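Structure assessment
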Amino acid sequence: MFLTTPNSEMSSNFPASCPELGIEVPISAIDLELRKLWEQDEARTNASLMNLVVYSEKSGSLLENSRIINDLTRDNACRAILVEIDREEAASLRAWITAHCHLSHGQKSVCCEQISFRLTGRVPGRFRNTVFAHLNSDLPLIFWWQGELSDVFTERLASVMDRLIVDSSLWREPQISFTRIIEELKVNPALVVQDLAWTRCWQFRVGIASLFDDAVAQPALESMDQIRIKHSPSDRNTALQLMAWLAVQAGWKPSGNSTFETKTGRKIHAQIESCADSAPLGLVELSAGKTIVRVSHEKDSVHLLREIESGDYHVTSLSPADPESSPDLVAQQLSRGGKNSLFLKILPTFLELLGSK
Amino acid sequence: MSNPFREDLVSRNRPEPCTVVIFGATGDLTHRKLIPALYNLAVDGELPTGVNIIGFARREKTDEEFRLGLEQLNRKVSRNGHDEEVWNPFINSVSYHQSEFTDAAGYTSLAKRLDEIDAERGGKGNRLFYIASAPEFFDDILLHLKKAGLNEAKAGCWARVIVEKPFGTDLKTAQHLNQVVNQTFHEADTYRIDHYLGKETAQNLMVLRFANAIFEPLWNSKHISHIQITCAENLGMEGGRGGYYEKSGALRDMVQNHLLQLLSLVAMEPPTDLSADGVRDEKVKVIRSLRQWDTPEKVAENVIRAQYTAGHVDGNPVPGYREEDRVSPTSETEAYVAVRLLIDTWRWSGVPFYIRMGKRLPKKSTEISVHFKDAPSVLFGALPGGVPGGNVLVIRIQPDEGISLRMVSKIPGTSLRLEPVKMDFHYATSFGKGSPEAYERLILDAMAGDATLFARRDEVEEAWRFIDHIERAWHESDNKPPMAEFIAGSWGPREADDMIQKDGNTWRRL
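Residues numbered from 1 in each chain as written. Chains lettered and ligands numbered in written order. Predicted model: local features only at pLDDT ≥ 70, side-chain atom pairs only at ≥ 80, totals over all residues. Heavy atoms only, no water.

All right, on to the pairing of strand S3 (residues 51-56) of chain A then. Residues and elements named next belong to chain A. Taking burial as the measure, the six residues of S3 include six buried ones, the bulk of the element. Here S3 shows a buried face lined by Asn 51, Val 53 and Tyr 55 and a second buried face lined by Leu 52, Val 54 and Ser 56. In terms of strand pairing, S3 meets strand S4 (residues 79-86) through six bridges, oriented parallel. Across the sheet, the residue bridging to Asn 51 is Arg 79, located in S4. (Buried < 20%, exposed > 50% of the residue type's maximum accessible area, 1.4 Å probe, protein only. Helix = DSSP H or I, 4+ residues; strand = E, 2+ residues; numbered from the N terminus. Pairing = 2+ DSSP bridges.)

Here the focus is the interface of chain A and chain B. Between chain A and chain B, the residue contacts involve 44 residues of the former and 36 residues of the latter. With both chains or domains summed, chain A and chain B bury close to 3200 Å², and 59% of this area falls on carbon and sulfur atoms. Between Asp213(A) and Arg6(B) there is a salt bridge, and its shortest N-O distance comes to 2.6 Å. Put simply, chain A and chain B have nine residue pairs in polar contact (both at pLDDT 80 or more) between them. Among the elements of the structure, strand S6 (108-120), helix H7 (202-211), helix H8 (217-220), helix H9 (236-250), strand S16 (303-310), strand S17 (313-320) and helix H11 (341-355) of chain A are those that each provide at least two residues to the side of chain A that touches chain B. Per-element tally for the side of chain A that touches chain B: the top contributor is H7(A), with eight residues. (Contact = heavy atoms within 4.5 Å. Buried area = accessible area lost by both parts, 1.4 Å probe. Salt bridge = Lys/Arg side-chain N within 4 Å of Asp/Glu carboxyl O. Polar contact = N/O pair within 3.5 Å; in protein donor to acceptor, adjacent residues only side chain to side chain.)

Residues and elements named next belong to chain B. Spatially, S3-S2-S1-S4-S5-S6 is the arrangement adopted by the six strands of the open sheet, whose pairing is parallel. In this open sheet, the two strands that pair with only one neighbour each are strand S3 (94-98) and strand S6 (190-192). Shown here is a sheet whose adjacent strand axes are inclined to one another by a mean of 20 degrees, direction ignored. Pairing of strand S4 (residues 127-131) with strand S5 (residues 159-163) involves five bridges; the strand directions are parallel. Paired with Phe 129 across the strands is Val 161, a residue of S5. (Axes fitted to C-alpha atoms, helices over the stretch in contact; angles between N-to-C directions.)

What follows concerns empty space enclosed by the protein. Residue and element names in this part refer to chain A. As enumerated under the stated definition, the model contains one cavity of 30 Å³ or more in all. Considering only enclosed or pocket space, the largest cavity measures out at about 60 Å³ in volume. Together, Arg 200, Phe 204, Pro 280, Leu 281, His 297, Ala 321, Asp 322, Pro 323 and Glu 324 line the largest cavity. Along the lines of polarity and charge, the residues of the lining of the largest cavity split into five nonpolar, one polar and three charged. (1 Å grid on protein atoms, 1.4 Å probe; cavity = no way out; pocket = protein on both sides within 12 Å on 5 of 7 lines; lining within 4 Å. Points joined across faces, edges and corners; volume = space filled by probe spheres on them. Nonpolar A, V, L, I, M, F, W, Y, C, P; charged D, E, K, R; others polar.)

Our next topic: the domain arrangement of chain A. Residue and element names in this part refer to chain A. The domain architecture assigned to chain A consists of domain 1 (19-196) and domain 2 (199-324 + 338-356). On a C-alpha basis, the centroid separation for the pair domain 1 and domain 2 is 34 Å. The partner domain 2 presents 16 residues to the 14 residues of domain 1 that form the contact. Between domain 1 and domain 2 lies a buried interface of about 1300 Å² when both sides are counted; carbon and sulfur atoms form 53% of it. If you sort the residues of domain 1 by the area they bury against domain 2, Gln 175, Phe 178 and Leu 196 come out on top, with a joint share of 34%. (Domains from an automatic or database assignment.)

What follows is the structure in structure tokens.
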């Protein structure tokens, strides 16, 4: 299906040929070659709702991300732009184009374009200028930043994004990275920041909210005295964000030493446990005397268990578990679209909790 | 007391835990639509924890037999497949209550059962009654619910009723049913279901019109030539449908409810807000402003009814309407209807709306097409072939939900030639994730107390008022407009083409 175009610029640690990424094309001919792609087969439909840039500084990420995009585009039509940067190598720039095609509802073949860039060396401004010259105009730009925020993340770069997706569970120093993002938000308040650590607790939040609709559980909120959250060691940020959400929504203030204080001055004890054999989030349990509201997730189960116990009253139901992998979380985030005002609302309390240990 | 964890979580009203009582629980609707809808809500984690479901019907059945029947069909029709891990706890919340609809004792024992469920919740419990029985039992069910005190909610709780179509068979019966409903439940707790309003594109109509600044300035008689609403079905009277259809016909079965609801969404003024009554206030004004075809002559001029004769659909031979199973050989029931409507408002003065609905048409399709007036021809009118057609905005309701816009473009080349081109948006192409079934959305809305997508009493009655004139002209007048014919598998009778051509328009080719 593809025309091959030799490229003289070859970098050292990367295969000379990389068919998984499609055909290698000169940077100046990307648009031309993309048009040729579509001219070859009229039976295919090109669909795109967004520009999705996937950025990584990890060696070999292009191939891995191309596979991820192949899955993501089943449900999220986009122009995908994959970027791998290695600033330690000598300066070079290579690009590949391909399309991921899927049968839509068993009928039409719907395809999404993918442009992959590999940039090496340190050339100021090159990344922004090269990549952003190939966006689909008028469509939103979703920027999935994989790994630590590096100094490539600048105000000028962030200013062109509509949404920034990060995963704070991968950060060694989340407080520093969040501070950078908060600074960016001051300059660019329209930017929507979505942390996959926060997405990981979505179904837990929905579950808790749903359980407190129950006529038995709802009054217990006034007399809540204990909260337990269990998480896997790598998902502490998710646990703290969930804790921050509970506190902010219920109007509790952190008062040090694993306690919160309600508006009426009552103390609530919070216990956040890290367990090696836990699902990313294994348990959230809110207790008020004999009434217990609980959402739990057995490791590897595809369901969450929602429960209310109050004396003889015991109701349970299942709900879908949140996905665990970053690609699945991104897919979920993309399908939900939009704003993230709740995340911004809990962010100060989360950062307070993050800094308290 | 509010639930703080709900705040800012999802942009929809909050469905609350309740007990759902389905009347007509052994029927097809319960098995094919309602239970799979509730189950799929459970799969998606949308069903509130603690929902109980009671099936109320006449046949002798145990809980186990009832559950088994539901499971067998759910396996076949569920949108999300059948997951034992979700199904088992879900089905354990389902029980069967055997009673005649006319037997007061059955409602007394139902009340007792509901009280037991409520007692487990500290004496509180919401109740959602879903009347999915045959329409002749609607009155009995409602009156017995009242007698048993089940229409009244306990303090801090609610009792709501969903009523399936048909909501009456004419204005008189609809008014009677409305009276019975309103004597039993408050209007605010009454949800008259029209599943067309739960479809994604129908919901998108308001978004398209009022969230995009480019359409509303053009959405009036100055720029729109006419609007067509088509509901084509390729099926006939298979599966014993003839018996039901003979009593209703295309006009009452589809136009009075689904298609007039779509019409009102297309033609309404912007509501003051998105509240249920805000939207329904505007919708009812449209129905109320329909010019009435209140004489047989006006009906003959503006409404075409027809039956199909034997023909071919999808390459297969099919019988004529009067030869169908359970259809009278002398039937006077229309299997096709085309209506020309005028809305006497400032916005729509002089703009004809055409609705057509038919069985045994070439394909299944429901869509709304908005035909804009031609651009002045001073520039391109003199070209060979002139300007090909005007702009048409098409909103496809089913299948292949989406929106397309036809416009005129220059054919590449050195000469100036114009051709129509189409910009097309397909939900399925752009959004890979499937939409929930209409019943899922509507049941959840009823649990959340959001009646926006349900018909209000005055909407139903105003629609019947319009339809009744036509029915009377067809069946009671001395000067009955004739029944036209068309060959099954064609796009309807010539008379319908003639009707629209009198305005200088043609039916859109689907």
